[in-house]
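Given next are the chains, with one letter for each unit.
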Amino acid sequence: MSGFLSSSIARKVAMALSALFLIVFLIIHLSVNITSLFSEKLFNELSHFMGTNPLIQFAMQPVLIFGVVFHFVMGFVLEIKNRKARNVNYVKFNGAASASWMSRNMALSGGVILAFLILHFVDFWVPEMNHKYIEFLPEDPNRYFGELQHKFVSPIRVGAYVIAFVLLALHLLHGFQSAFQSIGFNNKYTSAVKSFGKFYSFAIPLGFIIIALYHHFNH
């Protein structure tokens with residue numbers, strides 16, 4: 001594995017595959033959470049299934065955690081490698097003339113999103129692990145909706161979520177297309193990928209923002 005990842009092309013492909021994995025996960029995550037806007041019962045049922053299904057808990061969840069860690073570690077590794085690869089002739093290079101601000105600051109937006117993910121884990125994953133595996137509290141299939149609403153009472157926390165998802169949208173605008181390019185996606189589909197990428201990059205973060213704001217103002 002280390003030999004494979006020593007190649008710059010391999011690192012980019014690995015980064016792209018981890019990005020695509022997380023892109024799919026975001027769709028699933030939003031699909032579950034969006035139900036909280038119109039059906040407390042359905043949200044509780046889906047959350048209970050996700051939280052108690054052994055396949056999800058002991059197979060898919062570790063893979064997800066690994067995917068998140070791998071994606072961000074690889075992103076920072078690529079950023080360091082790219083910086084080292086630049087020679088002194090790049091001092092006069094005008095990055096803004098050939099690349100968007102976001103494409104030149106993916107590490108910055110990625111760092112902020114990583115900080116948000118840590119907050120998200122502290123908000124939801126850690127209490128869940130504490131509930132089930134430390135305190136061994138009895139399982140209540142109707143507890144999830146109330147717990148979700150409680151997390152969005154604080155305007156500071158909601159503000160942090162909104163800012164993080166705005167940055168996620170900007171991150172995805174560049175990252176979505178870049179991921180497909182890195183795995184050699186056929187050029188004839190480029191316009192379709194761009195169009196869907198733009199839609200995805202705005203729709204997914206906006207969905208999460210709406211959820212946070214809805215529960216903040218309706219708790």
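Criteria and thresholds
Residues numbered from 1 in each chain as written. Predicted model: local features only at pLDDT ≥ 70, side-chain atom pairs only at ≥ 80, totals over all residues. Heavy atoms only, no water. Helix = DSSP H or I, 4+ residues; strand = E, 2+ residues; numbered from the N terminus. Buried < 20%, exposed > 50% of the residue type's maximum accessible area, 1.4 Å probe, protein only. Contact = heavy atoms within 4.5 Å. Areas by Shrake-Rupley, 256 points an atom, 1.4 Å probe, with all protein chains shown as cover. Salt bridge = Lys/Arg side-chain N within 4 Å of Asp/Glu carboxyl O. Core = buried A, V, L, I, M, F, W, Y, C linked by side-chain atoms within 4.5 Å. Axes fitted to C-alpha atoms, helices over the stretch in contact; angles between N-to-C directions. Parallel < 35°, antiparallel > 145°, perpendicular 65-115°, else oblique. Nonpolar A, V, L, I, M, F, W, Y, C, P; charged D, E, K, R; others polar. Phe/Tyr/Trp six-rings, centres within 6.5 Å; stacked < 30°, edge-to-face > 60°. Patch = residues over 30% accessible without salt bridge, like charges linked within 9 Å, V, L, I, M, F, W, Y side chains within 5 Å. Arc of directions from axis to C-beta.

Caption draft 1: Focus on the overall build of the chain. Along the backbone of the chain there are nine helices and zero strands. Seen in sequence order, the chain has helices and strands lined up from the N terminus as α-α-α-α-α-α-α-α-α. Looking at the chain as a whole, 37% of its 219 residues qualify as buried. For the chain, the share of sequence-separated contacts (at least 6 apart) that also reach a separation of at least 24 residues comes to 79%. Total accessible area on the chain is roughly 13100 Å²; 70% of this is exposed by carbon and sulfur atoms.

Caption draft 2: Examining the pattern of salt bridges more closely. Under the definition given, this model contains five salt bridges. Residue arginine 157 is joined to aspartate 123 by a salt bridge in which the shortest nitrogen-to-oxygen separation is 2.7 Å. Separated by 34 residues along the polypeptide, arginine 157 in helix H8 (residues 155–182) and aspartate 123 in helix H6 (residues 106–134) bring together distant segments of the chain. Take arginine 157: its relative accessible area is 26%, and that puts it in the partly exposed class. Take aspartate 123: its relative accessible area is 3%, and that puts it in the buried class.

Caption draft 3: Examining the nonpolar core more closely. In terms of nonpolar packing, the biggest core is built from 34 residues, with Phe165 and Tyr200 touching the most fellow members. Going through the elements one at a time, helix H1 (8–33), helix H3 (54–85), H6, helix H7 (144–151), H8 and helix H9 (190–217) are the ones with two or more residues in this core. Looking at this core, the element that brings in the most residues is H8, giving nine residues.

Caption draft 4: Expanded view of unusual backbone geometry. The phi angle at phenylalanine 136 is positive, at roughly 50°, despite the residue not being glycine. The class of phenylalanine 136 is exposed, set by a relative accessible area of 59%.

Caption draft 5: Quick look at the packing of H8 against H9. Packing of H8 against H9 leaves a shortest axis separation of 9 Å and a crossing angle of 170°. One way to sum up the angle between H8 and H9 is to call them roughly antiparallel. The residue inventory of the contact of H8 with H9, partitioned by class, reads 20 nonpolar, five polar and two charged.

Caption draft 6: Looking closely at the packing of aromatic side chains. Summed over all chains, the structure comprises 15 aromatic pairs. Ring centres of tyrosine 161 and phenylalanine 165 lie 6.4 Å apart, and the angle between their planes is 50°; on these two criteria the pair is classed as tilted. Here phenylalanine 165 and tyrosine 161 lie together in helix H8, a separation of four residues that amounts to about one turn. Exposure remark for tyrosine 161: the relative accessible area of 2% places this residue in the buried category. A residue is classified by how much of its surface remains accessible, and phenylalanine 165, at 6% relative accessible area, is buried. Relative to phenylalanine 180, the ring of phenylalanine 176 has its centre 5.2 Å away and its plane inclined at 35°; by these criteria the two rings are tilted. Taken together, the residues phenylalanine 176 and phenylalanine 180, both in helix H8 and four residues apart, mark about one turn of the helix. The exposure classification of phenylalanine 176 matches that of phenylalanine 180, with both residues buried. Each residue in the set Phe116, Phe124, Phe152, Tyr161, Phe165 and Phe208 is aromatic and connected to the rest through ring pairs, giving one cluster.

Caption draft 7: Just a nonpolar patch on the surface, in detail. A contiguous nonpolar surface patch, about 340 Å² in accessible area, is contributed by Val24, Ile28, Phe49 and Met50. Elements with a contribution of two residues or more to the nonpolar patch: H1 and helix H2 (40–52). Within the secondary structure, methionine 50 sits in helix H2. Using a relative accessible area of 31% as the deciding quantity, one classes methionine 50 as partly exposed.

Caption draft 8: Inspection of H7 at higher detail. Three or more residues of H7 are buried, namely Tyr144, Phe145, Leu148, Gln149 and Lys151. Mapping the buried residues of H7 onto a view down its axis gives an arc of 160°, with all of them on the same face. Contact partners of the buried residues in H7: H2, H6, H8 and H9.

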